[in-house]
Amino acid sequence: MSLASAATGLPLVDTDRVLTPTEGENAAELARERGVDTLHDRECRQLLTALAAPEPSVVGAAASTVEIPSCRAALGGHFVAWLRVSPEVAAERLDEAAHRRDLGPDPVGALRALAARRDPLYATVADVVMDIDSVTPAEACGIVRDAYAAAGPAGFAPDRPG
């Protein structure tokens, strides 16, 4: 996300990073101590706050927010890039991110179940969909930057589904 911020010249709002200073806990701690529903409620609040800001920005939203109707509705006037990753690659990346919530003894299975539930929802809000299993962050950033530029001054593609 920081590459996309640099490429577009827009400030970055990473909702995972905003959770700790505003909520006092990261995603893993919130899920463990207060439950997943509380975590998702706070992630939703962070996204809605970021989207309501008067200045445009690059927002790294929590994956859960696509399941919340108010979050999907709020994304409607914004350019949305869905960086799609396979459950297998996502599980490998979870090991590198201590702030992510625990997905139990079968993270790949849990991620498959989440993808089955969320992918159709992502498809309704995404202006660009990019499979990033084998793409470098710089390559992904370039594709998103070009799609954003092509979307025009409104910042979203008028022919988006949904």
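Procedures and definitions
Residues numbered from 1 in each chain as written. Predicted model: local features only at pLDDT ≥ 70, side-chain atom pairs only at ≥ 80, totals over all residues. Heavy atoms only, no water. Axes fitted to C-alpha atoms, helices over the stretch in contact; angles between N-to-C directions. Helix = DSSP H or I, 4+ residues; strand = E, 2+ residues; numbered from the N terminus. Parallel < 35°, antiparallel > 145°, perpendicular 65-115°, else oblique. Left-handed = near helix turned anticlockwise from the far one by under 90°. Contact = heavy atoms within 4.5 Å. Nonpolar A, V, L, I, M, F, W, Y, C, P; charged D, E, K, R; others polar. Core = buried A, V, L, I, M, F, W, Y, C linked by side-chain atoms within 4.5 Å. Buried < 20%, exposed > 50% of the residue type's maximum accessible area, 1.4 Å probe, protein only. Salt bridge = Lys/Arg side-chain N within 4 Å of Asp/Glu carboxyl O.

A. Representation of the packing of helix α6 (residues 87–94) against helix α7 (residues 107–125). Contact geometry of α6 with α7 gives a least axis separation of 9 Å together with a crossing angle of 125°. When the interaxial angle is binned, α6 and α7 end up oblique. The crossing of α6 and α7 is right-handed. Residues P87, E88, A90, A91 and L94 of α6 form the contact with α7, whose participating residues are P107, V108, L111 and R112. Taken together, the residues of the contact of α6 with α7 sort by class into seven nonpolar, no polar and two charged.

B. Spatial organisation of the nonpolar core. The biggest cluster of nonpolar side chains holds eleven residues, and these are C44, L47, L51, V66, C71, L75, V80, W82, Y122, V125 and A126. Elements that contribute at least two residues to this core include exactly α4 (36–52), α5 (69–75) and α7. If you tally residues by element for this core, the top one is α4, at three residues. Once residues within four sequence positions are removed from consideration, Y122 is found in contact with A63, V66 and W82. Among the nonpolar cores identified, the runner-up in size contains seven residues, and I132, A140, V144 and A151 belong to it.

C. Structural view of the pattern of salt bridges. What the rule picks out here adds up to five salt bridges. Between E67 and R117 there is a salt bridge; the shortest N-O distance is 2.4 Å. Note that E67 is positioned in the loop between β2 (58–60) and α5 and R117 in helix α7, a separation of 50 residues in sequence. The class of E67 is partly exposed, set by a relative accessible area of 24%. Here E88 and R112 are joined by a salt bridge, their closest N and O atoms 2.4 Å apart. Pair noted here: E88 is in helix α6 and R112 is in helix α7, with a separation of 24 residues, a long-range link. Taking the relative accessible area as the measure of exposure, E88 reaches 34% and is therefore partly exposed.

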